[in-house]
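Structure assessment
Listed here are the chains, written in short residue letters.
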Amino acid sequence: QVQLVESGGGLVQAGGSLRLSCAASGSIFSINTMGWYRQAPGKQRELVAAITSDGSTNYAGSVKGRFTISRDNAKNTVYLQMNSLKPEDTAVYYCNANIVTSTWYDANYYWGKGALVTVSS
């Protein structure tokens, strides 16, 4: 069984910063791409940032230059450093990871339950 747990969400003023963390645990053999998605009220879930096992990254145009995704493979953890936050960044942020389990050695996508980020103006 694999679980992803997000942490670090909260309330911040516009222009401020937050760092989200997502730790994967369970029967993990390896973790491929990890990423962050977000869903604002009334909007579809969208990809915010993703990082491959080799460290290649990609970002949504709306966050590029402000957000930085990184990972600590030893801790099975992915981070999202969010700077210069804007009210439009307000959303529930979900961690996602493609993980190969040590039990069956098959790759599956897993989701965290989400972390609320609220940016006040």
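Residues numbered from 1 in each chain as written. Predicted model: local features only at pLDDT ≥ 70, side-chain atom pairs only at ≥ 80, totals over all residues. Heavy atoms only, no water.

Moving on, we get to the overall build of the protein. Counting its regular elements, the protein contains zero helices and 11 strands. Starting at the N terminus, the α and β elements of the protein follow one another as β-β-β-β-β-β-β-β-β-β-β. Here the C-alpha radius of gyration of the protein, 14 Å, is about what a compact globule of 121 residues would show, namely 14 Å. Along the first, second and third principal axes, the C-alpha set of the protein runs to 45 × 25 × 25 Å. Scored against the burial criterion, the 121 residues of the protein give a buried share of 40%. For the protein, the exposed area adds up to about 6500 Å²; of that, 48% sits on carbon and sulfur atoms. Charged side chains of the protein number 10 positive and 7 negative; the gap between the two group centres comes to 5 Å. (Helix = DSSP H or I, 4+ residues; strand = E, 2+ residues; numbered from the N terminus. Rg over C-alpha atoms; globule rule 2.2 N^0.38 Å. Buried < 20%, exposed > 50% of the residue type's maximum accessible area, 1.4 Å probe, protein only. Areas by Shrake-Rupley, 256 points an atom, 1.4 Å probe, with all protein chains shown as cover. Lys, Arg positive; Asp, Glu negative; His and termini not counted. Charge placed at Lys NZ, Arg CZ, Asp CG, Glu CD.)

In the structure shown here, the tally under the stated rule is one disulfide. Disulfide pairing is shown between Cys22 and Cys95; the S-S distance is 2.0 Å. Note on the Cys22 and Cys95 pair: the S-S dihedral is about -85°, so by sign convention the disulfide is left-handed. Placement of Cys22 in strand β3 (residues 18-26) and of Cys95 in strand β9 (residues 91-101) is noted, with a sequence separation of 73 residues between them. On the basis of relative accessibility, which here comes to 0%, the residue Cys22 falls in the buried class. Residue class for Cys95 comes out buried when judged on its relative accessible area of 0%. (Disulfide = S-S within 2.5 Å.)

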